[in-house]
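Structural overview for review
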Amino acid sequence: MEPQSHLVSIDHQRIKTISKIVAGFSFNDAFLKRPFLTQVTDPLQKAHMLFFAVGICHQTYALADASQNLYGWDYLEDGFLRMAQSGSFLLEPSEVATKNNLQVQQELRKFFSPGGNPVNCTLDRLDERAKLYADMAKNLCNKFKGNFLEVIRVANNHVVNNTEGFYALLSYFDAYSDPLFKKSSFLIKLLGDAGYIKLVDPENLVPVMDYHMQRVLLRTGCIKILSQQLEHALKNRIQTQDEPQIRTKCIEAMKLIAQASGKDILRMNDVFYMIGRSCCLDNPLCISGKCDKNPCSLTRSLTLEKHDSCVLKPACAATTNPAYAEYWHPTTQTHFY
């Protein structure tokens, strides 16, 4: 095995050029007024909806309702909205805590089955997700009076505050146990977007970093792979144990991009995640001439005059070296992201 320090590095010049482009982006405020953030008016119900939705959101490759053009996180938003509207026990931690794993799975199936037939459920790894769901409910009941608003109250707008910041409080839950805080940071972002919090220490935030964003940073050349063995694994979608090193460097790179561009570090998710899931997925826009999703996710989060080519194309390494477009995100089995 090659030394970890020799596997991955950051291309600081590429970061600078990417940052100049990002600095010119304008965010679409309407994206923060979508139904998932505005339609549920009861503060506690909405808080539980956000908490549980993010907690089971990991590696949702298969999650889809093609008939409604809903995929991955978009389908989770839709399903959890329907939970709230129907009064499902899944948004009542004290009730979830009394259910067994199969009952939680069966209830989840109701909301993620195209056509309403539970046999068609596209939310996979249900046993794992149900266990995480139950752990979230039980720990809310045992430590926070069964009320996620209590977590928000204790955190008091702090990301880090000894044992009372969001990162420390969320670490009580298995679903949020990622040492690099992907789900925790994403939940903090949604809590801010929904008006629950206004952070007093944003400098302590760790950027949201999922597989879509890693793939974009690899393909643009912001992250350089220095090992031929690891490069081969990434380009051939072979499972690798070196994912933590790649993701750590990606987090460093995203911090630098946010700082250099002057943009909010959490809103980098509204740029790079959207590019990754629409413009730079299986058939990159720069090669195929179209986005994998229609409408493109990026056109929802950014205000764009036109979108006939990738917004990062002028600074992307794959523009001059097509071999970069062969990169895939690290393939690994995890519930962290």
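Coordinates for the structure precede this section.
Residues numbered from 1 in each chain as written. Predicted model: local features only at pLDDT ≥ 70, side-chain atom pairs only at ≥ 80, totals over all residues. Heavy atoms only, no water.

**A word on the overall build of the protein**
- Across its full length, the protein holds 17 helices and 4 strands.
- What you see for the protein is a C-alpha radius of gyration of 20 Å, in line with the 20 Å of a compact globule of 337 residues.
- With respect to the three principal axes, the spread of C-alpha positions in the protein is 55 × 45 × 45 Å.
- Classification of the 337 residues of the protein by burial places 56% in the buried group.
- Put simply, of all contacts in the protein between residues at least 6 apart along the chain, 73% involve residues at least 24 apart.
- In the protein, the 37 positive side-chain charges and the 34 negative ones have mean positions that sit 3 Å from each other. (Helix = DSSP H or I, 4+ residues; strand = E, 2+ residues; numbered from the N terminus. Rg over C-alpha atoms; globule rule 2.2 N^0.38 Å. Buried < 20%, exposed > 50% of the residue type's maximum accessible area, 1.4 Å probe, protein only. Contact = heavy atoms within 4.5 Å. Lys, Arg positive; Asp, Glu negative; His and termini not counted. Charge placed at Lys NZ, Arg CZ, Asp CG, Glu CD.)

**Overview of the pattern of salt bridges**
- Within this structure, the stated rule accounts for 17 salt bridges.
- Two residues, Glu150 and Arg153, come together in a salt bridge whose shortest N-O distance is 2.7 Å. One end of the pair, Glu150, and the other, Arg153, are both in helix α8 (residues 148-155), 3 residues apart, so they sit about a helical turn from each other.
- Under the relative-accessibility criterion, Arg153 is labelled exposed at 54%.
- The residue Asp270 makes a salt bridge to Lys189 at a minimum N-O spacing of 3.1 Å. With Asp270 in helix α14 (residues 269-279) and Lys189 in helix α10 (residues 182-193), this residue pair connects regions lying 81 residues apart in the sequence. (Salt bridge = Lys/Arg side-chain N within 4 Å of Asp/Glu carboxyl O.)

**Brief notes about unusual backbone geometry**
- Along the chain, Asn294 connects to Pro295 via a cis peptide bond; the corresponding omega equals 5°.
- Mapping Pro295 onto the fold places it in the loop between α15 (285-288) and α16 (298-301).
- A positive phi angle, near 55°, is found at Asn162, a position not held by glycine.
- Along the chain, the position of Asn162 falls in the loop between α8 and α9 (166-170).
- A positive phi angle is found at Phe181, which is not glycine, with a value near 65°.
- Tracing the backbone through its elements, the reader meets Phe181 in the loop between α9 and α10.
- By relative accessible area, which is 23% here, Phe181 ends up partly exposed.

**Observations regarding the packing of helix α11 (residues 211-220) against α14**
- The interhelical angle for the contact between α11 and α14, taken along N-to-C directions, is 85°, at an axis separation of 8 Å. Judged on the interaxial angle alone, α14 and α11 are roughly perpendicular. Listed contacts from α14 to His212, Met213, Arg215, Val216 and Leu217 of α11 are Asn269, Phe272, Tyr273, Ile275, Gly276 and Arg277.
- Of the residues contributing to the contact of α11 with α14, the split by class is 6 nonpolar, 3 polar and 2 charged. (Axes fitted to C-alpha atoms, helices over the stretch in contact; angles between N-to-C directions. Parallel < 35°, antiparallel > 145°, perpendicular 65-115°, else oblique. Nonpolar A, V, L, I, M, F, W, Y, C, P; charged D, E, K, R; others polar.)

**A short note on the nonpolar core**
- The biggest cluster of nonpolar side chains holds 109 residues, and the ones touching the most others in it are Phe80, Phe112, Tyr133 and Phe272.
- The leading source of residues in this core is helix α7 (residues 126-144), at 8 residues. (Core = buried A, V, L, I, M, F, W, Y, C linked by side-chain atoms within 4.5 Å.)

**Observations concerning the packing of aromatic side chains**
- The full count for this structure, using the stated rule, is 15 aromatic pairs.
- Considering the side-chain rings of Phe52 and Tyr133, the 4.4 Å spacing of their centres and the 5° angle between planes classify their relative orientation as stacked. On the criterion of sequence distance, the pair formed by Phe52 in helix α3 (residues 43-55) and Tyr133 in helix α7 is long-range, its members being 81 residues apart.
- Arranged with centres 5.0 Å apart and planes meeting at 75°, the rings of Trp73 and Phe186 form a pair that is edge-to-face. Note that Trp73 is positioned in helix α4 (residues 73-86) and Phe186 in helix α10, a separation of 113 residues in sequence. Pair check on accessibility: Trp73 and Phe186 agree, each one buried.
- What links up through ring pairs into an aromatic cluster is the set Phe51, Phe52, Tyr133, Phe144, Phe148, Tyr172, Phe173 and Tyr176. (Phe/Tyr/Trp six-rings, centres within 6.5 Å; stacked < 30°, edge-to-face > 60°.)

**So, α7**
- The end-to-end C-alpha distance of α7 is 26 Å, a good match for the 27 Å that 19 residues give at a rise of 1.5 Å each.
- What α7 keeps buried is the set Leu126, Arg129, Ala130, Leu132, Tyr133, Ala134, Asp135, Met136, Ala137, Asn139, Leu140 and Phe144.
- A positive backbone phi angle near 60° is found at Lys145, which sits one or two residues after α7. (Expected span 1.5 Å × (residues − 1).)

**Things to note about the side chain of Lys235**
- Along the chain, Lys235 turns up in helix α12 (residues 228-235).
- Side-chain polar atoms of Lys235 contact the side chain of Glu231, separated by 2.8 Å.
- Residue contacts for Lys235: discarding those within four places in its chain leaves Ala323, Glu326 and Tyr327. (Polar contact = N/O pair within 3.5 Å; in protein donor to acceptor, adjacent residues only side chain to side chain.)

**A short note on the side chain of Thr220**
- As for its placement among the helices and strands, Thr220 is situated in helix α11.
- With near-sequence residues (within four places) excluded, Thr220 lies in contact with Arg14, Ile18, Leu312, Ala315, Cys316 and Ala317.

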